[in-house]
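Notes for the structure review
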Amino acid sequence: MSSSNAVNYRMDLLVCGGTGCQATDSFDLVEKLKSQIQVAGLQDEVRVVLTGCFGFCEQGPIVKVMPDNIFYVRVMPDKAELLVKEHVEKGRIVHELLYEEPDSKEKLDEQSDIPFYKKQNRIALRNCGFIDPENINEYIAAEGYMALGKALTSMTKPDVIEEIKKSGLRGRGGGGFPTGLKWEYTRKSQAKEKYIICNADEGDPGAFMDRSILEGDPHSVLEAMAIAGYAIDAQKGYIYIRAEYPLAIHRLKVAVQQAYELGLLGKNILGTSFSFDVYLKYGAGAFVCGEETALINSIEGGRGEPTVKPPFPAEIGLWKKPTCINNVETLANICPIILDGGEWFASIGTKKSPGTKVFALAGKVNNVGLVEVPMGTKLRDIIFELGGGIKDNKKFKAVQTGGPSGGCIPEEFLDTPIDYDSLGEIGSMMGSGGMIVMDEDNCMVNIAKFYLEFTVDESCGRCTACRVGNKRLLEMLTHITEGEAEMETLERLKDLSQIIKDSSLCGLGQTAPNPILSTMKYFWHEYIAHVQDKNCPAGVCKALLKYHIIPDKCKGCTLCAKACPKGIITGKVKEAHIIDKEACIKCGECERVCKFGAVTRK
Amino acid sequence: MVLCKLLGMGIFMSEYKVDTEKLHRLGDYIDGLERSEGELINILREAQEIFGYLPQDVQLFIARKLGIPAAKVFGVATFYSFFTMEPRGKNVISVCMGTACFVKGSDLVLDELRSRLKIVNGNTSEDGMYTVDTVRCIGACGLAPVVLVNDKVHGRVQVDDVDALIKGISDGIASKPELVSK
Ligand SMILES: Cc1cc2nc3c(=O)[nH]c(=O)nc-3n(C[C@H](O)[C@H](O)[C@H](O)COP(=O)(O)O)c2cc1C
Ligand code: FES
């Protein structure tokens, strides 16, 4: 099922080639597998395919053997020989490389049995991990470019838009605007030239959905751009991608070239009168460039500063021409909708937010990775079933969604079925799909400060509310984490947050205070502890730490005294030691070296 | 500003206080573009690729070549964090400060790296051997905390791994498998 060439081979070894697995040496693994297959003389029968991300980054590098449908995890390069000798040559499953269910200790051999994949419904990620993203024939074998063919030969332009409208698809870039409507508006804007832009700036730090789609299935985005181009009468498409994604850029370049070679891009596509060209543009590290008007300014070569809307890009966009901007994941949903119909798509998810959403699950959760679930799935299911719960059996504290524009959601809302609207109601937002899990060791004031540092850094400086206001917010937060704030600071923090929200020019400023407001709402007690008790309950804020040796636990091994750079830990051998709190510089060296957990800092 | 002063200079390559051969390469790149409209960011990328950073003279060269104000080039170069106007060290270590890495303690790793490599002011050690800076999410969040050493990704780096990481670089081994595969 995985490839057109598979007929010639009796077996495919699909190896994850995403950025994550690449870092855990999957390229080296591929080389080793290939040479082992060569040694066994099976190179004409068995093929090694470097695919896109499987999503299960925690367990990488991943190797899936087809058609046997066996899923191996954490396959380090030194296991290549074992895998080839046992599985490939003798057909015996290598049990030590199977995924082990943490609770039952049962070894699972099929991908679909693994809890991480069980509740997933992969539409946008349908091809990731199944095809070789650098081989257009594999994409075509997986129904690739059929949607474009169908649209060009048997659907009118309004038909295409009608189908997208019927699906109820909403923009996955954060705004959640109905995609069909956006296409319709751009279609209605009269102009000789129009543009499609694919927003692959993926600015939310900690999110990697778009990267994985582009690395694993670049053609799905190109095909969707061409369909959009047909529907709205655009002849040119731009992909704006961040420079930090070299692998995705490479795969896109290969894909574009292959599509041109087969006449699936360029002049008179599939023999019709429709022509469409695609260009790549690189971002240069500015979060605000993800905002559509800023992105347009950046493509035009200038500073990526946003401009006031209206006029919307659908009327006046790139080079002053009507422009339709869609996110990568939005586009990845288009082809299935054209092929299977808008009604099918609308039957998945919730009424107001149909379809699925890809989340980048990260932070203090056991199964870090990419998950695609129907809208309306509960946070608890994502974090505790798919995600396998919190790392090291720590206690869950909060989950952050929506990136720097979003909020922190506490335990009491874990059973909320999530969609665009429900997340907004509990003070966060869907955003692009970043989902960062935090445990008892994370200080929520410090997290709010982290996000504010981010927005202060990334504010383009155009409007005063955002440029100056957020700086003041950050100063207040810094005072709080350093124990220099009064209760009145908290009042001012709240008031100013509201003012910035109301008066900023673009989405960046309007949402920047959200991390503060949501943490103040749900973790007020942590703010109070910092301000009134001058204490950081999570033991994170350095200025407030009080290092202390618990006499009962101290064995008097003297390790801490030796490690202390200031030499201020005293005590006799085999007797409890003492830290001179006045002279302590809070470097944490003593805590790190203590083998008995006798040093605390809270 | 310095740039304005420099404007009085001639347009001969030799007038720029940078490597002439490199400047020629950049000039050829710009000449090879179909149109220069909208290409400023790509040109600056190329320039940084060639020179390692964006010296003021290079910015001035680009401005003259494109016939646009130097202030525009400077404005774009300072807007994007990808561009740097300071020369970088021989080895560049970038610590990811994306959210996923931050909640797993990448800030502690950053502090440790800076203190071990004795980087006090700016981002580069005095001997020019090391630059330690930050990046915002390279999309390998599954391996948080992530550190890039000369563009090679190292995953799950803890404070205690910093020594081995530095030793790996100074021994000329860019990758430490035991660090990566933990
Ligand atoms: C500060 C800011 C940052 C944004 N960053 C991104 C981004 O990285 N990726 C993205 O697709 N959309 C981003 N957006 C949303 C875009 O402005 C735009 O709504 C989106 O690309 C439209 O595509 P969609 O309708 O398919 O979601 C951002 C918006 C704001 C205000
Ligand atoms: S947050 Fe560090 S790689 Fe994504």
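Since the model is a prediction, treat every value here as computed from it, not as a measurement.

For chain B, the count of helices and strands is nine helices and four strands. Of the regular secondary structure in chain B, the N- to C-terminal order runs α-α-α-α-α-β-α-α-β-β-β-α-α. Going through the 182 residues of chain B one by one, you find that 53% of them count as buried. The long-range share in chain B, meaning contacts at least 24 apart out of those at least 6 apart in sequence, stands at 60%. Total accessible area computed for chain B in this model is approximately 8600 Å², and 51% of it derives from carbon and sulfur atoms.

Residues and elements named next belong to chain A. In the region of ligand 1, 18 residues are neighbours, and Gly-173, Lys-182, Gly-203, Asn-327 and Thr-330 sit closest. Within the side chain of Asn-199, an N or O atom sits 2.9 Å from an oxygen atom of ligand 1. In this structure, an oxygen atom belonging to ligand 1 sits 2.8 Å away from a main-chain N or O atom of Gly-203. Counting residues per element, the ones that place at least two in the shell around ligand 1 are β10 (323–327) and α21 (507–511). A total of three residues in the shell around ligand 1 trace back to one element, the largest contributor, which is β10. Residue composition of the shell around ligand 1, grouped by class: three nonpolar, nine polar and six charged.

Across the contact, 55 residues belong to chain A and 40 residues belong to chain B. At the boundary of chain A with chain B, total buried surface from both sides reaches about 3700 Å², with 58% on carbon and sulfur atoms. The tally of links between chain A and chain B comes to five salt bridges. A salt bridge links Glu-58 of chain A to Arg-156 of chain B, with the nearest nitrogen and oxygen atoms 3.9 Å apart.

Assigned domains within chain A: domain 1 (6–118), domain 2 (136–345), domain 3 (356–439), domain 4 (444–531) and domain 5 (545–600). Here the C-alpha centroids of domain 2 of chain A and domain 5 of chain A sit 59 Å apart.

With that settled, consider the sheet that holds strand β7 (residues 195–200) of chain A. The pairing of strands in a sheet comes from backbone hydrogen bonds and takes either a parallel or an antiparallel form. Residue and element names in this part refer to chain A. Spatially, four strands are ordered β9-β8-β7-β10 in an open sheet, and the strand pairing comes out parallel. Unpaired on one side and paired on the other, β9 (277–283) and β10 mark the two borders of the sheet. Ignoring strand direction, the axes of neighbouring strands in this sheet form an average angle of 20°. Pairing geometry for strand β8 (residues 236–242) and β9, over seven bridges, is parallel. If you follow Lys-236 over to β9, its bridge partner there is Asp-277.

Attention shifts here to the pattern of salt bridges. Per the counting criterion, the structure on display carries 46 salt bridges over all chains. Two residues, Asp-28 of chain A and Lys-32 of chain A, come together in a salt bridge whose shortest N-O distance is 3.3 Å. On the criterion of helical spacing, the pair formed by Asp-28 of chain A and Lys-32 of chain A is a turn pair, its members being four residues apart in helix α2 (residues 26–39). A residue is classified by how much of its surface remains accessible, and Asp-28 of chain A, at 32% relative accessible area, is partly exposed. Residue classification places Lys-32 of chain A among the partly exposed positions, given a relative accessible area of 35%. Glu-292 of chain A is paired through a salt bridge with Lys-309 of chain A; the nearest N and O atoms lie 3.0 Å apart. With Glu-292 of chain A in helix α12 (residues 292–299) and Lys-309 of chain A in the loop between α12 and β10, this residue pair connects regions lying 17 residues apart in the sequence. For Lys-309 of chain A, a relative accessible area of 31% gives the class partly exposed. Each of Glu-58, Arg-74 and Lys-391 of chain A together with Arg-156 of chain B takes part in salt bridges that share partners, so that together they form one network.

Our focus in this paragraph is the pairing of β10 of chain A. Residues and elements named next belong to chain A. With five of five residues buried, β10 lies mostly within the body of the structure. Burial of the side chains of β10 extends over both faces: Thr-323, Ile-325 and Asn-327 are buried on one face and Cys-324 and Asn-326 on the other. Across five bridges, β7 lies against β10 in parallel orientation. Residue pairing in the sheet places Ile-196 in a bridge with Cys-324 of β10.

Take the side chain of Ser-353 of chain A next. Residue and element names in this part refer to chain A. Along the chain, the position of Ser-353 falls in the loop between α15 (342–346) and β11 (356–363). Separated by 3.5 Å, the side chain of Ser-353 and the backbone nitrogen of Tyr-420 make a polar contact. When near neighbours in sequence (up to four residues on either side) are disregarded, Ser-353 contacts Arg-170, Met-375, Asp-419, Tyr-420 and Asp-421.

As enumerated under the stated definition, the model contains 22 aromatic pairs over all chains in all. An angle of 85° between the planes, with centres 5.9 Å apart, marks the rings of Phe-56 of chain A and Tyr-117 of chain A as edge-to-face. Taken as a pair, Phe-56 of chain A in the loop between β2 (46–51) and β3 (63–66) and Tyr-117 of chain A in helix α4 (residues 115–118) lie far apart in primary sequence, 61 residues in all. With a relative accessible area of 1%, Phe-56 of chain A lands in the buried category. The exposure class of Tyr-117 of chain A is buried, given its relative accessible area of 7%. Judged by centre distance (5.7 Å) and plane angle (80°), the ring pair of Phe-82 of chain B and Phe-83 of chain B falls under edge-to-face. By relative accessible area, which is 32% here, Phe-82 of chain B ends up partly exposed. By relative accessible area, which is 7% here, Phe-83 of chain B ends up buried.

With omega at 5°, the peptide bond leading from Pro-310 of chain A into Pro-311 of chain A counts as cis. Tracing the sequence through the fold places Pro-311 of chain A in the loop between α12 and β10. In this structure, Pro-145 of chain B follows Ala-144 of chain B across a cis peptide bond, with omega equal to -10°. Residue placement: Pro-145 of chain B occurs in the loop between β2 (130–135) and β3 (147–149). A positive phi angle is found at Lys-105 of chain A, which is not glycine, with a value near 65°. As for its position among the elements, Lys-105 of chain A is in the loop between β5 (99–100) and β6 (107–108). The backbone of Asp-233 of chain A shows a phi angle near 70°, a positive value even though the residue is not glycine.

Right, let's talk about the side chain of Asn-442 of chain A for a bit. With respect to the helices, strands and loops of the structure, Asn-442 of chain A is situated in the loop between β15 (434–439) and α18 (444–458). Of note is the side chain of Asn-442 of chain A, whose polar atom sits 3.2 Å from the side chain of Lys-364 of chain A. Not counting chain neighbours up to four residues away, the residues in contact with Asn-442 of chain A comprise Lys-364, Lys-397, Ile-447 and Ala-538 of chain A together with Val-103 of chain B.

Reading guide: rules and limits
Residues numbered from 1 in each chain as written. Chains lettered and ligands numbered in written order. Predicted model: local features only at pLDDT ≥ 70, side-chain atom pairs only at ≥ 80, totals over all residues. Heavy atoms only, no water. Helix = DSSP H or I, 4+ residues; strand = E, 2+ residues; numbered from the N terminus. Buried < 20%, exposed > 50% of the residue type's maximum accessible area, 1.4 Å probe, protein only. Contact = heavy atoms within 4.5 Å. Areas by Shrake-Rupley, 256 points an atom, 1.4 Å probe, with all protein chains shown as cover. Near = heavy atom within 4 Å. Polar contact = N/O pair within 3.5 Å; in protein donor to acceptor, adjacent residues only side chain to side chain. Nonpolar A, V, L, I, M, F, W, Y, C, P; charged D, E, K, R; others polar. Buried area = accessible area lost by both parts, 1.4 Å probe. Salt bridge = Lys/Arg side-chain N within 4 Å of Asp/Glu carboxyl O. Domains from an automatic or database assignment. Pairing = 2+ DSSP bridges. Axes fitted to C-alpha atoms, helices over the stretch in contact; angles between N-to-C directions. Phe/Tyr/Trp six-rings, centres within 6.5 Å; stacked < 30°, edge-to-face > 60°.

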